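# Residue-level structure breakdown
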Amino acid sequence: MKWKVLKTSEDYQKAALRMMKIFHTEEEGPLLDELELLIVLIKDYDDRNYPLTKPDPIQTIIVKMEEMGIKAKDLVPLIGSKGHVSAVLSGKREITLKMAQKLRDFFQLPAEVFL
């Protein structure tokens, strides 16, 4: 089959099924070329139809705090005073670049998550 840009869910399903069928090919040649093309086409369709939204920085902090079992007071060394922590967690104060860097190191997440 000659593949082209996937425009419908039917096109997507056909491409996904074909990709699954030939996914474990390792031989150089037309089959591997087809697999690589299908991967690009499927990613393009996904990017256009299901864009990823950036996570909310405050929600990310809250979730990570819950996962780690820490309280707001534990963020004082990262964010500043107890009042600053409260203002950041309530969304009344912006996260600065310096805070984002400290949060990145503490939570082991990219700094961009917090900006």
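Provided above is the structure to which this section pertains.
First, a word on scope: everything that follows refers to the structure included in this document. (Residues numbered from 1 in each chain as written. Predicted model: local features only at pLDDT ≥ 70, side-chain atom pairs only at ≥ 80, totals over all residues. Heavy atoms only, no water.)

## Structural notes on the environment of Arg48
Inclusion rule: Helix and strand labels come from DSSP, where a helix needs a run of H or I of at least four residues and a strand needs a run of E of at least two; each type is numbered from the N terminus. Think of it in three bands: with a 1.4 Å probe and only protein chains considered, a residue is buried below 20% of the maximum accessible area for its type, exposed above 50%, and partly exposed in between. Working rule for contacts: check all heavy atoms of both residues, and any pair within 4.5 Å makes them a contact.
With respect to the helices and strands, Arg48 occurs in helix α2 (residues 30-49). Using a relative accessible area of 43% as the deciding quantity, one classes Arg48 as partly exposed. Measuring from C-alpha to C-alpha, the distance between Arg48 and Ala111 comes to 26 Å, with 63 residues separating the pair along the chain. When neighbours within four sequence positions are excluded, Arg48 is seen to be in contact with Val5 and Leu6.

## Examining helix α6 (residues 97-107)
For clarity, the threshold we go by: Each direction from the helix axis to a C-beta atom contributes to the arc, which is the arc of those directions.
Of all the residues in α6, the buried ones are Met99, Ala100, Leu103 and Phe107. One face of α6 carries all of its buried residues, which in axial projection span an arc of 100 degrees. The outward face of α6, more than 90 degrees from its buried face, is lined by the exposed residues Leu97 and Lys98. Of the surrounding elements, those touching the buried residues of α6 are α3 (57-68), α4 (76-79) and α5 (82-89). Backbone geometry just downstream of α6 places Gln108 in the positive-phi region, at approximately 60 degrees.

## What about the packing of aromatic side chains?
Worth spelling out the cut-off: In this scheme Phe, Tyr and Trp rings, the latter by its six-membered ring, pair at centre separations within 6.5 Å, and the angle between planes marks the pair as stacked below 30 degrees, edge-to-face above 60, and tilted otherwise.
For the structure shown, the criterion picks out 3 aromatic pairs. Seen from their ring centres, Phe106 and Phe107 are 5.0 Å apart, and the 75 degrees between their planes marks the pair as edge-to-face. Residue Phe106 is classed as partly exposed on the basis of its relative accessible area, which comes to 31%. The buried category is assigned to Phe107, whose relative accessible area is 4%. Through successive ring pairs, a cluster of aromatic residues spans Phe106, Phe107 and Phe114.

## A word on the nonpolar core
So the rule is basically this: The definition of a nonpolar core used throughout is a set of buried Ala, Val, Leu, Ile, Met, Phe, Trp, Tyr and Cys residues joined through side-chain atoms within 4.5 Å.
Counting 17 residues, the largest nonpolar core has Ile61, Leu75, Ile95, Phe107 and Phe114 as the members making the most contacts within it. Mapped by element, the contributors of at least two residues to this core are α3, α4, α5 and α6. For this core, the element with the highest residue contribution is α6, accounting for 4 residues. In this view, Phe107 contacts Ile61, Lys64, Met65, Met68, Ile70, Leu75 and Phe114; residues no more than four positions away in its chain are not counted. The next biggest cluster of nonpolar side chains, apart from the first, holds 13 residues, and it includes Leu6, Tyr12, Leu32 and Tyr45.

## A short note on the pattern of salt bridges
Note the cut-off: Between Lys or Arg on one side and Asp or Glu on the other, a salt bridge is scored when a side-chain nitrogen of the former is within 4 Å of a carboxyl oxygen of the latter.
Applying the stated criterion across every chain yields a total of 5 salt bridges. The partner of Arg48 in a salt bridge is Asp44, with the nearest N and O atoms 2.9 Å apart. Of this pair, Arg48 and Asp44 both sit in helix α2, 4 residues apart, which is roughly one turn of that helix. What makes Asp44 partly exposed here is its relative accessible area of 32%.

## Looking at the packing of α3 against α6
To keep things clear, this is the line we draw: Each axis is a line fitted through C-alpha atoms, taken for helices only over the stretch in contact, and angles between the N-to-C directions span 0 to 180 degrees. By definition, any crossing whose near helix is turned counterclockwise from its far helix by less than a right angle is left-handed, and any crossing with a clockwise turn is right-handed. We call Asp, Glu, Lys and Arg charged. Ala, Val, Leu, Ile, Met, Phe, Trp, Tyr, Cys and Pro are nonpolar, and the rest, Gly among them, are polar.
Here α3 crosses α6 at 30 degrees, and the two axes come no closer than 12 Å. With respect to the hand of their crossing, α3 and α6 are arranged in left-handed fashion. In this structure, α3 contributes Ile61, Lys64, Met65 and Met68 to the contact, and α6 contributes Leu103, Phe106 and Phe107. Looking at the contact of α3 with α6 residue by residue, the class counts come to 6 nonpolar, no polar and 1 charged.

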